[in-house]
Amino acid sequence: MQKIVLETVGLTKRFGNVTPLDGIDMQVREGEWVAIMGPSGSGKTTMLNILSCLDTLSEGKYILDGIDTSQVSEKERVVVRREKIGLVFQQFHLVPYLTALENVMLAQYYHGMIDRDDAIEVLNRVGLSHRYDHLPSQLSGGEQQRVCIARALINQPAIILADEPTGNLDESNEQIILDFFKELHAEGRTIVLVTHNPELAEFADRTVRLHHGKVVQHAA
Amino acid sequence: MAASSASPSQAGMFLRILFKSLKVRRNRVAITFCSVAIGASIITALACVYFDISAKMSRELRTYGANFFIGPKAASGERSMGSQTGQAALQVIPPDKLIGASPYLYGLVRLDLGNAVLAGVDFPGLRRLSPYWQVEGEWISVSFDEDSCMVGKHLAKTMELKVGDSVNVMHAENGFQKRLTVKGIAETGQAEDDQIFVNLALAGKVLGVPGEVNHIMASVVSQGTDIDTLAAQLEREFPNLDAKPIRKVSYSDGKILDRIKGLMAIVAVIILSVTTLCVMTTLIAVVSERTREIGLMKAIGADDRGVVLQFLCEIMIIGVAGVTAGLGLGFLLAQVLGQAVFGSAITFRAVVLPVALIPSLLAALAAAALPVRMALGIVPARVLKDE
């Protein structure tokens, strides 16, 4: 039995009278690929923000790699984010004035251990061996997303959290990224992915469907 | 090749991010640099003038007449003193502080058309002492001329004297008389307009008291209370003499200086405030522009300290560069002001450095306070929302 990397117990988020997440119980085991799906307004983004420690929960528990993040301070949440989580964004969010290599090294910098060779190796892995010194503006959307994935992987996070990673890509690039996620999964990486795209969710081990802030389906 | 380079250190990476961030925002950096440089240059120029103004203004104000009196002690009952004693007393005043001085010996004489007060003076000293006199004709330029005189404007009118006329000067008691040529007619706006002026030696002969003077008037450059110290020193060295600043004039000097300095301080504060606002506006725009970037940095592990450090280092780099340029420009500006107002160069004093540097850098840091707070308030989950 694989260990539990991510667990939520009665996770609830309230904004005044609105409750975008209402008592979510979820577990993700090591090496598992879980897709979170649901229509707009179902609470997917709020869920991902809390899972990535960018937001706090109002009630319940969220345990990540053994750390109860609902009990930690803001300062400690930054450390959890830095050391346990690799974030992949729909819009890539690369620093525009840093090269591909520097964008990857930026995550190492905040982690406190810069290793240029490691950063290059990860970029090679995502197929950007010839693009280290290019600025994001000189890269295609697919290439930018690959830099974003390389940045998410560089610190060997406990979990990769991805928000619509193919949402801004054309078909061919979508396929490259999809293949890459498959590869990561095959390697035993733990992935939680928020998506509208059923094709992307199809390759996940499990799909969690949200509706009005509640889990309506756990499907294998 | 990229692969062959060594890994940057934490500090190296920090500097790389810092300088690339500055480079990519050249225009904003240039505006901030110019704001800081202009502010610092004006502060530097004002500080240069401020610390030099006492000396410059004091010299300038000294053109309005004597501010120091040396005479026999009133308690002694003496009305005159030896001119050699007076000269010795004058030696106590540091030469670089003495603008001009003249002994005075007064007496009543008879001219062709009536009586008048005769004043024996040292003309070269008197000219330095009273450069504001309006003289028709010319000044007597040497102290040994015993054939010429200068006449006050009112007296000249009463005695019907013009430049080039001759006038007979006679002492009623001793009968000494001498015919003199009127070399200049002086308009002073004061009691001197009713007096006739001759060289001291001649006055001594006419009045029958050679080698005597009633008092000495001097124009001394002073700052603060140093003129009182000088008076006390003179009285210690010459117990029979009365030495004192002419309060009205000395205090006027001080008051004008204080007002000018106050005005300069107000202008400096206004300039610093404007600079701070300008820098702050630019930095707020920079933070607004970088909202996503800051959100991303926080999302991938930057803590508040890292964000503050990055911003403060950026503003300090621009600030130090701007202030350094401002110091140079400010000194040049001070020279322009010095030439325009005082007709002389402004001396650079070391005290200007901290006075210009510290407030300018503090203003730049104060300007960064609100933008840094804004940056710290950025919530990654909100700004990185993928729409």
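Fair warning: this is a prediction, and the values are worked out from it, not measured in the lab.

### Here's the deal with the overall build of chain A
Part 1 of the argument: Regarding its fold elements, chain A presents seven helices and ten strands.
Part 2 of the argument: Counting the 220 residues in chain A, one finds 52% classified as buried.

### So, the overall build of chain B
Part 1 of the argument: The helix and strand inventory of chain B stands at twelve helices and twelve strands.
Part 2 of the argument: Sorting the 387 residues of chain B into buried and exposed places 40% on the buried side.
Part 3 of the argument: Of the contacts made within chain B by residues no fewer than 6 positions apart, 82% connect residues no fewer than 24 positions apart.

### Remarks on the environment of Val-308 of chain B
Residues and elements named next belong to chain B.
Part 1 of the argument: Mapped onto the elements of the fold, Val-308 is located in helix 10 (residues 304–342).
Part 2 of the argument: Between the C-alpha atom of Val-308 and that of Leu-376, which follows or precedes it by 68 residues, the distance is 7.6 Å.
Part 3 of the argument: Not counting chain neighbours up to four residues away, the residues in contact with Val-308 comprise Val-372 and Leu-376.

### Some thoughts on the UniProt feature "transmembrane region" (unreviewed entry) in chain B
All names here are of chain B.
Part 1 of the argument: If you check UniProt for "transmembrane region" (unreviewed entry), the listed places come out as residues 29–53, 263–287, 307–334 and 346–370 in our numbering.
Part 2 of the argument: With 100% helix and 0% strand, residues 307–334 has its two end C-alpha atoms placed 39 Å apart.
Part 3 of the argument: The span residues 346–370 is 76% helical and 0% strand by assignment, and the distance between its end C-alpha atoms comes to 38 Å.

### Considering the environment of Leu-362 of chain B
Part 1 of the argument: Relative to the helices and strands, Leu-362 of chain B is located in helix 11 (residues 352–376).
Part 2 of the argument: The spatial distance from the C-alpha of Leu-362 of chain B to the C-alpha of Leu-272 of chain B is 9.5 Å, given a sequence separation of 90 residues.

### What to know about helix 1 (residues 44–51) of chain A
Residues and elements named next belong to chain A.
Part 1 of the argument: Among the eight residues of helix 1, eight are classified as buried, and the element is accordingly described as predominantly covered.
Part 2 of the argument: Listed in full, the buried residues belonging to helix 1 are Lys-44, Thr-45, Thr-46, Met-47, Leu-48, Asn-49, Ile-50 and Leu-51.
Part 3 of the argument: Of the residues one or two after helix 1, Cys-53 is the one with positive phi, at around 60 degrees.

### Topic: the interface of chain A and chain B
Part 1 of the argument: The interface is formed by 35 residues belonging to chain A together with 25 residues belonging to chain B.
Part 2 of the argument: For the side of chain A that touches chain B, the secondary structure elements donating two or more residues are helix 1, helix 2 (74–84), helix 3 (100–111) and helix 4 (116–125) of chain A.
Part 3 of the argument: Of all the elements, helix 3 of chain A adds the most residues to the side of chain A that touches chain B, at eight residues.

### Details of the pairing of strand 1 (residues 4–15) of chain A
Residues and elements named next belong to chain A.
Part 1 of the argument: Pairing of strand 1 with strand 2 (residues 18–29), which is carried by seven bridges, proceeds in the antiparallel orientation. What sits directly across from Lys-13, in strand 2, is Leu-21.
Part 2 of the argument: In sequence, strand 1 turns back onto strand 2 through a hairpin of two residues, with Gly-16 there showing a positive phi of about 65 degrees.
Part 3 of the argument: In this structure, strand 1 lies alongside strand 4 (residues 59–64), joined through five bridges in antiparallel fashion.

### With respect to the nonpolar core
Part 1 of the argument: With 118 residues, the main nonpolar core has Ile-36, Val-104, Leu-123, Ala-150, Leu-161 and Val-192 of chain A together with Ile-43 of chain B as its most contacted residues.
Part 2 of the argument: No other element matches the 14 residues that helix 2 (residues 26–61) of chain B contributes to this core.
Part 3 of the argument: Setting aside residues no more than four positions away along its own chain, Leu-123 of chain A makes contact with Ala-100, Leu-101, Val-104, Leu-128, Ser-129, Tyr-132 and Ala-150 of chain A.
Part 4 of the argument: Ranked by size, the runner-up nonpolar core spans 51 residues in total, among them Ala-116, Val-198, Leu-207 and Val-213 of chain B.

### Observations concerning the packing of helix 1 (residues 10–24) of chain B against helix 10 of chain B
All names here are of chain B.
Part 1 of the argument: Running from N to C, helix 1 and helix 10 point in directions that differ by 60 degrees, and their axes come no closer than 10 Å. Between helix 1 and helix 10, the angle falls in the class oblique. Considering only the axes of helix 1 and helix 10, their crossing is right-handed. In this structure, helix 1 contributes Ile-17, Leu-18, Ser-21 and Leu-22 to the contact, and helix 10 contributes Gln-310, Cys-313, Glu-314 and Ile-317.
Part 2 of the argument: Split into classes, the residues belonging to the contact of helix 1 with helix 10 amount to five nonpolar, two polar and one charged.

### Describing the packing of helix 5 (residues 141–153) of chain A against helix 6 (residues 171–186) of chain A
All names here are of chain A.
Part 1 of the argument: Look at helix 5 against helix 6: their axes get within 9 Å of each other, and the N-to-C directions meet at 20 degrees. On the basis of the axis angle, helix 5 is roughly parallel to helix 6. Seen along the crossing, helix 5 lies across helix 6 with a hand that is right-handed. For the pair formed by helix 5 and helix 6, the contact residues are Gly-141, Gly-142, Gln-145 and Ile-149 on the first element and Asn-173, Ile-176, Ile-177 and Phe-180 on the second.
Part 2 of the argument: Per-class residue counts for the contact of helix 5 with helix 6 are four nonpolar, four polar and no charged.

### Quick notes on the sheet that holds strand 4 of chain A
Note: strands within a sheet are paired through backbone hydrogen bonds, in either parallel or antiparallel orientation.
Part 1 of the argument: Spatial ordering of the open sheet is given by 2-1-4-5 (chain A), a layout of four strands whose pairing is antiparallel. Of all the strands in the sheet, just strand 2 and strand 5 (67–68) of chain A have a single pairing partner and so form its edges.

### Let's talk about unusual backbone geometry
Residue and element names in this part refer to chain A.
Part 1 of the argument: One non-glycine residue, Phe-92, adopts positive backbone phi at about 65 degrees.
Part 2 of the argument: Mapping Phe-92 onto the fold places it in the loop between strand 6 (85–88) and helix 3.
Part 3 of the argument: For Phe-92, a count of 24 C-beta atoms within 10 Å translates into the label buried.
Part 4 of the argument: The residue Gln-156 is not glycine, and still its phi comes out positive at about 50 degrees.
Part 5 of the argument: Within the secondary structure, Gln-156 sits in the loop between helix 5 and strand 7 (159–163).

### Looking at the pairing of strand 11 (residues 215–220) of chain B
All names here are of chain B.
Part 1 of the argument: The buried count for strand 11 comes to five of six residues, which makes it a mostly enclosed element.
Part 2 of the argument: As defined by bridge partners, strand 3 (residues 98–110) adjoins strand 11 across six bridges and the pair is classed as antiparallel. Among the inter-strand pairings, Ala-101 is bridged to a residue of strand 11, identified as Ala-218.

### Section: helix 4 of chain A
Residues and elements named next belong to chain A.
Part 1 of the argument: All of the buried residues in helix 4 are Arg-116, Ala-119, Ile-120, Val-122 and Leu-123. Looking straight down helix 4, one finds its buried side chains confined to an arc of 160 degrees; they lie on one side.
Part 2 of the argument: Elements in contact with the buried residues of helix 4: helix 3 and helix 5.
Part 3 of the argument: Remark: Gly-127 follows helix 4 within two positions and exhibits a positive phi of approximately 80 degrees.

### Quick notes on the confidence of the model for chain B
The predicted coordinates should not be examined in detail at positions where pLDDT is low.
Part 1 of the argument: Taken over all residues, the pLDDT of chain B has a mean of 87, while the share at 70 or more is 93%.
Part 2 of the argument: Two summary scores accompany this predicted model of the complex, namely pTM at 0.69 and ipTM at 0.91.

### Topic: the confidence of the model for chain A
Part 1 of the argument: Put simply, chain A has an average pLDDT of 91, and 98% of its residues get 70 or more.
Part 2 of the argument: When mean pLDDT is compared element by element in chain A, helix 3 of chain A scores highest at 95, while strand 10 (residues 214–219) of chain A scores lowest at 77.

Cut-offs applied
- Residues numbered from 1 in each chain as written.
- Chains lettered and ligands numbered in written order.
- Predicted model: local features only at pLDDT ≥ 70, side-chain atom pairs only at ≥ 80, totals over all residues.
- Helix = DSSP H or I, 4+ residues; strand = E, 2+ residues; numbered from the N terminus.
- Buried ≥ 20, exposed ≤ 12 C-beta atoms within 10 Å, placed from the backbone.
- Contact = placed C-beta atoms within 7 Å.
- UniProt positions renumbered as here; feature names shortened; annotations may be inferred.
- Pairing = 2+ DSSP bridges.
- Core = buried A, V, L, I, M, F, W, Y, C linked by C-beta atoms within 7 Å.
- Axes fitted to C-alpha atoms, helices over the stretch in contact; angles between N-to-C directions.
- Parallel < 35°, antiparallel > 145°, perpendicular 65-115°, else oblique.
- Left-handed = near helix turned anticlockwise from the far one by under 90°.
- Nonpolar A, V, L, I, M, F, W, Y, C, P; charged D, E, K, R; others polar.
- Arc of directions from axis to C-beta.
- pLDDT = per-residue confidence, 0-100.

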